[in-house]
Amino acid sequence: KKYQRFKQDQQKFDVFIEKSQNVSLLFKDYKDISLTQQIFLWLHVTRTLLSNLVSVTFFEYPLVQTSLMMIMSLCVLIFLIIKRPFKDIINLCGQYFCDGILFIVNGGMFVMAIMDQKSSRQENMIKNISKMISIANWMLLYGAIVFMALGILSTIYLSYKNKKKASSSSSSPLQAKKI
């Protein structure tokens, strides 16, 4: 009975996948184990919108602004670590990398907001934090390029492997007839 229900659910899922080929880009990279893994794209977009809203709304309150940004970054990192929503390890590592860099940048901005709140004018520390944020932004740029290149190379390799597998499986019946 349980197997029949599973088979029916699998058939419904297969029909859904077939009907939604045009929007498969929105969910094909995520694991199908749970809704929380499939919902990561929505969570990521929501976090981006909230970050923009916080930046605009709390412009005059940098400590509140950076605190909220840190909380959002930390929540996304925790979600990524616990749920691991991506099927492909390259996508997962790329997301860890990008959100880790964002967390570091937000941390630097948070420290600078605390210094501003206390009216602490330590020029050397401000310069060092600014350099760290600048380096982190460059790392984000080049790291994203590296992860995109790895994704492209992985796709090319899998396509080659599948094509080779298909050609070897289609040629084996012919070889059996010749012998």
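Refer to the structure above for everything that follows.
The rules behind each value
- Residues numbered from 1 in each chain as written.
- Predicted model: local features only at pLDDT ≥ 70, side-chain atom pairs only at ≥ 80, totals over all residues.
- Heavy atoms only, no water.
- Helix = DSSP H or I, 4+ residues; strand = E, 2+ residues; numbered from the N terminus.
- Buried < 20%, exposed > 50% of the residue type's maximum accessible area, 1.4 Å probe, protein only.
- Contact = heavy atoms within 4.5 Å.
- Areas by Shrake-Rupley, 256 points an atom, 1.4 Å probe, with all protein chains shown as cover.
- Salt bridge = Lys/Arg side-chain N within 4 Å of Asp/Glu carboxyl O.
- Axes fitted to C-alpha atoms, helices over the stretch in contact; angles between N-to-C directions.
- Parallel < 35°, antiparallel > 145°, perpendicular 65-115°, else oblique.
- Nonpolar A, V, L, I, M, F, W, Y, C, P; charged D, E, K, R; others polar.
- Left-handed = near helix turned anticlockwise from the far one by under 90°.
- Expected span 1.5 Å × (residues − 1).

1. Considering the overall build of the chain
Move 1: Counting its secondary structure elements, the chain contains 6 helices and 0 strands.
Move 2: In the chain, buried positions account for 22% of the 179 residues.
Move 3: Partitioning the intrachain contacts of the chain with sequence separation of at least 6 by distance along the chain shows that 58% fall at a separation of at least 24.
Move 4: Only carbon and sulfur atoms are counted for the fraction: they give 67% of the accessible area of the chain, which is about 13,400 Å².

2. Quick notes on the pattern of salt bridges
Oppositely charged side chains may form a pair once their charged atoms are brought near each other.
Move 1: For the structure shown, the criterion picks out 1 salt bridge.
Move 2: The closest approach of N and O atoms between Arg47 and Asp99, which form a salt bridge, is 2.7 Å. Taken as a pair, Arg47 in helix 3 (residues 40-57) and Asp99 in helix 5 (residues 89-117) lie far apart in primary sequence, 52 residues in all.
Move 3: Using a relative accessible area of 2% as the deciding quantity, one classes Asp99 as buried.

3. So, the environment of Ile90
Move 1: Among the secondary structure elements, Ile90 is positioned in helix 5.
Move 2: With near-sequence residues (within four places) excluded, Ile90 lies in contact with Phe147, Leu150, Gly151 and Ser154.

4. Considering unusual backbone geometry
Move 1: The residue Arg84 is not glycine, and still its phi comes out positive at about 45 degrees.
Move 2: Take Arg84: it is sitting in the loop between helix 4 (62-83) and helix 5.

5. A short note on the packing of helix 3 against helix 4
Move 1: Relative to each other, helix 3 and helix 4 sit at 170 degrees, their axes nearing to 10 Å. Here helix 3 is positioned roughly antiparallel relative to helix 4, judged by the angle of their axes. Facing helix 3, whose interface residues are Phe40, Leu43, Arg47, Leu50, Ser51, Val54 and Ser55, helix 4 presents Gln65, Leu68, Met69, Met72, Ser73, Val76, Phe79 and Leu80.
Move 2: Of the residues contributing to the contact of helix 3 with helix 4, the split by class is 10 nonpolar, 4 polar and 1 charged.

6. Brief notes about the packing of helix 4 against helix 5
Move 1: Interhelical geometry of helix 4 versus helix 5 gives an angle of 155 degrees and a closest axis separation of 9 Å. By the criterion of interaxial angle, the relationship of helix 4 to helix 5 is roughly antiparallel. Here helix 4 runs over helix 5; the crossing is left-handed.
Move 2: Of the residues contributing to the contact of helix 4 with helix 5, the split by class is 17 nonpolar, 8 polar and 2 charged.

7. Focus on helix 4
Move 1: In this model, helix 4 (22 residues) spans 31 Å end to end at C-alpha, consistent with the 32 Å of a helix rising 1.5 Å per residue.
Move 2: The complete set of buried residues in helix 4 reads Gln65, Thr66, Met69, Met70, Met72, Ser73, Val76, Leu77, Phe79 and Leu80.
Move 3: Of the residues one or two after helix 4, Arg84 is the one with positive phi, at around 45 degrees.

8. Observations regarding helix 5
Move 1: End to end, helix 5 covers 41 Å across 29 residues, agreeing with the expected 42 Å (1.5 Å per residue, within 8%).
Move 2: Inspection of helix 5 places Ile90, Leu92, Gly94, Gln95, Asp99, Ile101, Val105, Asn106, Gly107, Gly108, Ala113 and Met115 among the buried residues, and these make up the whole buried set.
Move 3: Positioned one or two residues after helix 5, Ser119 has a phi angle of 55 degrees, which is positive.

9. Comments concerning the environment of Leu68
Move 1: By the element assignment, Leu68 lies in helix 4.
Move 2: Placed 14 residues apart in sequence, Leu68 and Val54 show a C-alpha to C-alpha distance of 7.5 Å.
Move 3: Contacts of Leu68, omitting those with residues within four sequence positions, involve Val54 and Phe58.

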